[in-house]
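# A look at the structure
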Amino acid sequence: DDYLYNENDVNEVTISAQMALDIDSISIQIKADTVQLGDTIIFIAEVKPSKSIRLQHYYWTLDGEHFASEFSFRRAITKPGHHKVALVLIDYFGDTLSDTLQIWVTKPPLLNENVFIPANGSQGLPTQGGISFAWNAYDPDSIYKVHNHFTLTDFRGDILVDTIVPGNVFTYNEPLQPLKRYDWQVSAINELGMPSNDSLSGHFFTQGVLGESGITGSVQIKELDRFFWS
């Protein structure tokens, strides 16, 4: 009898709604988060002083609609966007208690890895006057804005550009060295901070001066003391 709960011994009942993304992180319960569409979320109800108190009813709602009738359960939210998940409890005296979780559901932005300019391996690009880059990145949910992380590196591996681009176009107006290779890369991220699963990358070669051309290649040396090339 010492372990039975008695309403007369407690003046206040409190509840708390929590969530976790997996069993390993269940001890790190959170009130708001961004998840991918289809991710399973663990919802947990905490009732103090005990879940064994006498009560009339309890349930969960999703955006005001009935969602579940368990204290703790696992469920995926199948609609992208911002959602409110509320835990509602009506105690023995008819008082209603509630606590709310905030969840943003999204798909990662998508990048078309096959369509972009300049085409991969392009040659003879100008060293003066600017080079324009364009690609296709978008939000499959058509809800969130997408930004792009653009980088450009030279033939030594030095970073010439490392910036966030609001659109799908970037123009580099600084001069480049002739007959050199340059590499560029783009990854997308939406306004909720969720990155694309993939990135696109390409390289190009600049043109020579006064009609100069160049050849790139490799030399494999086997059992030679010296060699000459020009």
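Throughout this description, residue numbers start from 1 for each chain and increase along the sequence as written. Only residues with pLDDT of 70 or above have their local features reported here, since the model is predicted, and side-chain atom pairs are shown and tallied only from 80 upward, although totals for entire chains, interfaces and linings are computed over all residues. With hydrogens and water stripped out, all remaining heavy atoms of the structure feed into the side-chain values.

## Some words on the pairing of strand β15 (residues 181-190)
The criterion, for reference: Working definition: with a 1.4 Å probe on protein chains only, accessible area under 20% of the residue-type maximum means buried, over 50% means exposed, and in between means partly exposed. Helix numbers and strand numbers start at the N terminus; a helix is a DSSP run of H or I with at least 4 residues, a strand a run of E with at least 2. Each pair of strands is called paired provided DSSP finds at least two bridges between the two strands.
Burial of the side chains of β15 is restricted to one face: Y182, W184, V186, A188 and N190 are buried, whereas none of R181, D183, Q185, S187 and I189 on the reverse face is. Here strand β12 (residues 146-153) runs beside β15; their pairing, made up of 8 bridges, is antiparallel. Bridged to F150 within β15 is V186. Relative to strand β16 (residues 195-206), β15 runs antiparallel, the two sharing 8 bridges. From the neighbouring strand, S187 faces β16, where its bridge partner is S199. Following β15, the chain reverses through 4 residues before pairing antiparallel with β16; G193 in that reversal takes a positive phi of roughly 90°.

## Looking at the side chain of H83
What counts here: In the analysis that follows, any N or O atom pair within 3.5 Å is treated as a polar contact, provided that within protein one partner can donate a hydrogen and the other can accept it, and provided that, for residues neighboring in sequence, both atoms belong to side chains. Note on definitions: a residue-residue contact is assigned when non-hydrogen atoms from the two residues lie within 4.5 Å.
Turning to its location among the elements, H83 is positioned in strand β7 (residues 81-91). Its relative accessible area of 4% is what places H83 among the buried residues. Polar side-chain contacts of H83 include one of 2.6 Å to the backbone oxygen of K79. In this structure, H83 is in contact with L62, D63, I77, L101, Q102, I103 and V105, ignoring residues within four places of it in sequence.

## Comments concerning the nonpolar core
As a reminder, the rule being used: Residues grouped as a nonpolar core are buried Ala, Val, Leu, Ile, Met, Phe, Trp, Tyr and Cys residues, joined through side-chain atoms within 4.5 Å.
Of all hydrophobic cores here, the largest spans 22 residues; its most connected members are F43, W60, F67, I77, V85 and I103. Elements with a contribution of two residues or more to this core: β1 (14-20), β3 (40-48), β4 (55-62), β5 (65-68), β7 and β8 (96-106). If you tally residues by element for this core, the top one is β3, at 4 residues. Other than its neighbours up to four places away in sequence, V85 contacts F43, W60, T61, L62, F67, I77, D99, T100, L101 and I103. Of all hydrophobic cores here, the second largest spans 21 residues; its members include F133, V165, A188 and F204.

## Describing the pattern of salt bridges
Here the idea is simple: oppositely charged side chains can pair when their charged atoms come close. The following threshold applies: By salt bridge we mean one thing: a side-chain nitrogen of Lys or Arg within 4 Å of a carboxyl oxygen of Asp or Glu.
Counted by the stated rule, this structure contains 4 salt bridges. The partner of D183 in a salt bridge is R181, with the nearest N and O atoms 2.9 Å apart. Residue D183 is classed as partly exposed on the basis of its relative accessible area, which comes to 25%. Classification of R181 by relative accessible area gives partly exposed; the value is 36%. The structure contains a network of salt bridges with shared partners spanning D154, R156 and D158.

## Remarks on the sheet that holds β3
Applicable threshold: To get an axis, fit a line to the C-alpha atoms, keeping to the stretch in contact for a helix; angles then go from 0 to 180 degrees between the N-to-C directions.
Taken in spatial order, the 3 strands make up an open sheet running β1-β3-β6, and their pairing is antiparallel. Since the sheet does not close on itself, it has two edges, and those belong to β1 and β6 (72-76), each with one partner. Across the sheet, the mean angle from the axis of one strand to that of its neighbour is 25°, orientation sign disregarded. Across 7 bridges, β1 lies against β3 in antiparallel orientation. Counterpart to T14 in the pairing with β3 is K48.

## Structural notes on the sheet that holds strand β14 (residues 169-172)
Strand order in the open sheet made by the 3 strands is β9-β11-β14, with antiparallel pairing throughout. The sheet terminates laterally at β9 (110-117) and β14, the two strands that pair on one side only. Strand after strand, the sheet turns through a mean of 25° between neighbouring axes, direction not considered. Where strand β11 (residues 131-138) lies against β14, 4 bridges are found, and the strand directions are antiparallel. From the neighbouring strand, I131 faces β14, where its bridge partner is Y172.

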